[in-house]
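# Remarks on the overall topology
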Amino acid sequence: MYTIATLGSHSALQILKGAHDEGFKTLAIANRETERLYRSFAFVDEVITIDKYSDFMLLVPELEKRKIIIVPHGSFVAYLSLEDHKKMRIPYFGNKAVLDWEASRELQRDWLLRAGLKLPRQFKTGAEIDRPVIVKLYGAQGGKGYMFLRDAMDFEERASLLARQNYILQEYIIGVPLYIHYFYSSLTGKLEIMSMDRRYETNVDSLGRIPSQAQAGMDVDPSYVVVGNQPISLRESMLAEAYRMGEDVVRVSQEICGPKGLFGAFCIETIITPDTNFYIMEISARIVAGTNLFIDGSPYSYLNYSEPMSTGRRIAREIKNALLSNSLDTILDDSTIQHH
């Protein structure tokens, strides 16, 4: 009997609810602020409390002795270093080799370009800027540290704020942000579109409701901090392209971090322009928080499953199918296999 464990944050509720619905025991590793929340749900069998999420590594020796499978999400990447992440020998759903490609903006760009996807232009220096850009700091959490700049002059004026920081200058694409949530099964070799969302960002979304003349004298910098997500469904005529992008990303991942490549849940963040082109902002190689809208399933998951199927439950079902077909090694990170 395996226990599915994850950090109490991000998308833990649907991961643990899905694991419970698929017949697994569940464990939330929470901090002092969140432990009461996780204890309040009947589907969470066990809560272990740590002072802060970065203390997680102290629990690892104890967890390695148990029959546990870790399901990672965005908070693992945020709170643990890549080295810690890789040192962990607890059976781990996913391929840790993908983390390096996801964490480096250069490698990620290389991966997406090799998959034939359209990316916004990048500028090496402020002097090259000939159109609006967005400045993205490395490792920005949930949109913190993004800055909109109109032109090269704007960059000069604010360059002092960026000194000694790692950032990229990316063309600002005007269009609709759409986050497409996928699931690729390494057991069946099939890709599924699970759901889609757009993010609700303070205060850039409310600035959009103030007429531009009125904004002129206001001392407000747009902020892209994400506070929540809204469901969205795509025009059906654009669905084939969304599916193809997912397939190409998986195919290239099998070349760059093969043989397993990217599998399980992942998300491509796009912006769709008025001529219905998808521009790719980035890829998240694991479950994303936008899937929290769909704990009861989405219009897309319902096409494949005539029952509620969140991405969290889909992960648990994949683990269950792997156990039933005696192919658990297929869905675990290779470095963690010898332990179970």
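In case you missed it, the structure is sitting above this.
So, a few notes on the structure that sits alongside this text. (Residues numbered from 1 in each chain as written. Predicted model: local features only at pLDDT ≥ 70, side-chain atom pairs only at ≥ 80, totals over all residues. Heavy atoms only, no water.)

So, on to the sheet that holds strand β8 (residues 167–171). The pairing of strands in a sheet happens through backbone hydrogen bonds and is either parallel or antiparallel. Reading across the sheet, the four strands line up as β5-β8-β6-β7 and stay open at both edges, with antiparallel pairing between neighbours. With partners counted over all chains shown, the strands left at the sheet margins are β5 (122–123) and β7 (146–149), one partner each. The pairing of strand β6 (residues 133–137) with β8 spans five bridges and is antiparallel. Residue Leu137 lies in a different strand from β8, and its bridge partner there is Tyr167. Across the face of the sheet, helix α8 (residues 152–162) comes into contact with β6, β7 and β8 while running at roughly 160° to β7. (Pairing = 2+ DSSP bridges. Helix = DSSP H or I, 4+ residues; strand = E, 2+ residues; numbered from the N terminus. Contact = heavy atoms within 4.5 Å. Axes fitted to C-alpha atoms, helices over the stretch in contact; angles between N-to-C directions.)

This paragraph deals with the sheet that holds strand β3 (residues 46–50). With parallel pairing, four strands are arranged side by side in an open sheet as β3-β2-β1-β4. The open sheet has two edge strands with one neighbour each: β3 and β4 (68–70). Looking at each pair of strands side by side, their axes are set apart by 25° on average, direction ignored. Pairing of strand β2 (residues 25–31) with β3 involves five bridges; the strand directions are parallel. Paired with Ile29 across the bridge in β3 is Ile48. The strands that helix α3 (residues 56–64) touches are β1 (3–7), β2, β3 and β4; relative to β3, the one it contacts most, it runs at about 135°.

A few words on helix α13 (residues 311–324). The terminal C-alpha atoms of α13 lie 20 Å apart, and with 14 residues this matches the ideal 20 Å at 1.5 Å per residue to within 8%. With ten of its 14 residues buried, α13 lies for the most part within the structure. Among the residues of α13, the N-terminal cap falls to Ser310, whose side-chain oxygen and the backbone nitrogen of Gly312 are separated by 3.4 Å. Looking at the residues trailing α13, positive phi occurs at Asn326, about 55°. (Expected span 1.5 Å × (residues − 1). Buried < 20%, exposed > 50% of the residue type's maximum accessible area, 1.4 Å probe, protein only. Polar contact = N/O pair within 3.5 Å; in protein donor to acceptor, adjacent residues only side chain to side chain.)

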